[in-house]
Amino acid sequence: MNKLFTPVFHELEKQREDLLQSVRHLSEEAFNQPPKPGKWSVAQILTHILTSEKLSLTYMKRKVQAIDQLKDSGVMESLRLWLLIVSQRIPVKYKAPRVVVENTPETLTLTQLTEEWANLRKELASFLSTINDKHARRVIYKHPMAGRFDVQQTLIFFREHIHHHRPQIERILRHPAK
C-alpha cells in the first residue's frame, strides 16, 4: 500500500474496530431501536456509514480505469477537504445524499454489519495497493457536496464521516429508547 495511504487506513481500521466494540454489548432490539421516532438507530447509522464507503469504493474502482486522464489534487481540493472536515466536526445535522439513501439496504444485524465492513475494508486495502506513487494524487473520488478528492483525501473523508456520526451513537448509548 502506498505510504501516503497507510497511516490513514490504519487509523480508519482502529476507528472501525473501536466503534464496533462500543456497540457489541447491545441486544438486537437495542441495536435496532431508534432513540426517538424519526431518528436513526445505531443499526441505521452504521449501515449508512458502510453504504457510503461501499459506494465510494465502487466509484473509485470505476474511475481508476481512466486514472491517466485524471488531474492531480491541488490547493482547491485541500481547501474543500478542510471545509468538509469542519462541516463534519460541527454538530449540524445533514441530509444524507440521495444516492446513499437510495442504495442503503435495510439495516443489517451487528454480525452481518461487522462481517461486511471487515470485507469491505479488505477490498479497500486491496484497491489501495493497486495505486502507484505516480497516481497517488489523482482526483479519483467525487464527494456529493465537496467535489473531487484524491485517494488520501477520500480516506480522510471516511474518517471524518465516522467522527461525525460517533456522537450520535454515543448519545443513543447514554440514553437508549425506553
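Here is what the cut-offs are and how they apply
In every chain, residue numbers begin from 1 and rise along the written sequence. For this predicted model, a pLDDT threshold of at least 70 governs which residues receive local features, and a threshold of 80 or more governs which side-chain atom pairs are given and counted, while totals over whole chains, interfaces and linings are taken from all residues. For side-chain calculations, the full set of non-hydrogen atoms in the structure is used, while hydrogens and water are omitted. Here the rule is simple: two strands pair whenever DSSP picks up at least two bridges between them. For helices the rule is a DSSP run of H or I covering at least 4 residues; for strands it is a run of E covering at least 2, with both sets numbered from the N terminus onward. To count toward a patch, a residue needs a relative accessible area over 30% and no salt bridge; like charges are then connected within 9 Å, while nonpolar side chains (Val, Leu, Ile, Met, Phe, Trp, Tyr) are connected within 5 Å. To measure how exposed things are, a 1.4 Å probe is used in the Shrake-Rupley method; for residues, cover is taken only from the protein chains shown. The salt bridge definition used is simple: a Lys or Arg side-chain nitrogen within 4 Å of an Asp or Glu carboxyl oxygen. By the counting scheme adopted, Arg and Lys are positive, Glu and Asp are negative, and His together with the chain ends is not counted. Charge coordinates come from a single atom per side chain, which is NZ of Lys, CZ of Arg, CG of Asp or CD of Glu. Whether a residue is buried, partly exposed or exposed follows from its accessible area with a 1.4 Å probe, protein chains only, as a fraction of its type maximum: under 20%, in between, or over 50%, in that order. Under the rule applied, a polar contact is a pair of N or O atoms within 3.5 Å (in protein, one hydrogen donor and one hydrogen acceptor; residues adjacent in sequence only if both atoms are side-chain atoms). The term nonpolar core refers to a set of buried residues drawn from Ala, Val, Leu, Ile, Met, Phe, Trp, Tyr and Cys, joined through side-chain atoms within 4.5 Å. Planes of paired rings set the category: under 30 degrees apart is stacked, over 60 is edge-to-face and the rest tilted, where pairs are Phe, Tyr or Trp rings (Trp by its six-membered ring) whose centres lie within 6.5 Å. Only the contacting stretch of a helix is used when fitting its axis, a line to C-alpha atoms as for every element, and angles between N-to-C directions run 0 to 180 degrees. Each angle gets one of four labels, with under 35 degrees taken as roughly parallel, over 145 as roughly antiparallel, 65 to 115 as roughly perpendicular, and the rest as oblique. Pairs of residues are marked as contacts when any of their non-hydrogen atoms sit within 4.5 Å. Polar here means any residue outside two lists: the nonpolar Ala, Val, Leu, Ile, Met, Phe, Trp, Tyr, Cys and Pro, and the charged Asp, Glu, Lys and Arg; Gly therefore counts as polar. Scored between 0 and 100, pLDDT is the confidence that the predictor attaches to each residue.

**A closer look at the pairing of strand 2 (residues 147–150)**
Then, number 1: As defined by bridge partners, strand 1 (residues 139–143) adjoins strand 2 across 4 bridges and the pair is classed as antiparallel. Note that in strand 2 the partner of His-143 across the bridge is Gly-147.
Then, number 2: Hairpin connection between strand 1 and strand 2: a loop of 3 residues separates the two successive antiparallel strands.

**A few points about a positive patch on the surface**
Then, number 1: Residues Lys-36, Lys-39, Lys-93, Lys-95, Arg-171 and Arg-174 make up a contiguous surface patch of positive charge.
Then, number 2: Take Lys-36: it is sitting in the loop between helix 2 (28–32) and helix 3 (42–63).
Then, number 3: Looking at Lys-36, the relative accessible area reads 55%, which means it is exposed.

**What to know about the environment of Thr-6**
Then, number 1: Mapping Thr-6 onto the fold places it in helix 1 (residues 6–23).
Then, number 2: Considering only alpha carbons, one finds Thr-6 and Ile-45, 39 residues apart in sequence, at a separation of 26 Å.
Then, number 3: Of note is the side chain of Thr-6, whose polar atom sits 3.1 Å from the backbone oxygen of Asn-2.

**Describing the pattern of salt bridges**
Then, number 1: One pass over the structure, following the stated rule, counts 14 salt bridges.
Then, number 2: Note that Lys-71 is salt-bridged to Glu-77, the shortest N-O span being 2.8 Å.
Then, number 3: A single salt-bridge network, built from bridges that share partners, covers Glu-11, Arg-89, Arg-159 and Glu-160.

**A word on the nonpolar core**
Then, number 1: In this structure, Leu-46, Trp-117, Ile-140 and Leu-155 are the most contacted members of the largest nonpolar core, which totals 44 residues.
Then, number 2: When residues of this core are traced back to their parent elements, those giving at least two are helix 1, helix 3, helix 4 (75–89), helix 6 (110–128), strand 1 and helix 7 (151–174).

**Quick notes on the packing of aromatic side chains**
Then, number 1: A complete count under the given rule lists 3 aromatic pairs for this structure.
Then, number 2: When the ring of Tyr-141 is compared with that of Phe-157, the centres are 6.3 Å apart and the planes differ by 20 degrees; the resulting orientation is stacked. Within this pair, whereas Tyr-141 is found in strand 1, its partner Phe-157 is found in helix 7, the two being separated by 16 residues in sequence. Accessibility assignment for this pair places Tyr-141 and Phe-157 in one class, buried.
Then, number 3: Members of the aromatic cluster, connected to one another through ring pairs, are Tyr-59, Tyr-141, Phe-157 and Phe-158.

**With respect to the packing of helix 4 against helix 7**
Then, number 1: As a packed pair, helix 4 and helix 7 sit with axes 9 Å apart at the nearest point and diverge in direction by 10 degrees. With respect to their mutual orientation, helix 4 and helix 7 come out roughly parallel. Of helix 7, the residues touching helix 4 (which contributes Glu-77, Ser-78, Leu-81, Leu-84, Ile-85, Ser-87, Gln-88 and Arg-89) are Gln-153, Ile-156, Phe-157, Glu-160, His-161, His-163 and His-164.
Then, number 2: Of the residues that constitute the contact of helix 4 with helix 7, the class distribution is 5 nonpolar, 7 polar and 3 charged.

**Structural notes on the confidence of the model for the chain**
Then, number 1: Across the chain, pLDDT averages 92, with 99% of residues at or above 70.
Then, number 2: Within the chain, helix 6 carries the highest mean pLDDT (97), whereas helix 5 (residues 98–103) carries the lowest (77).

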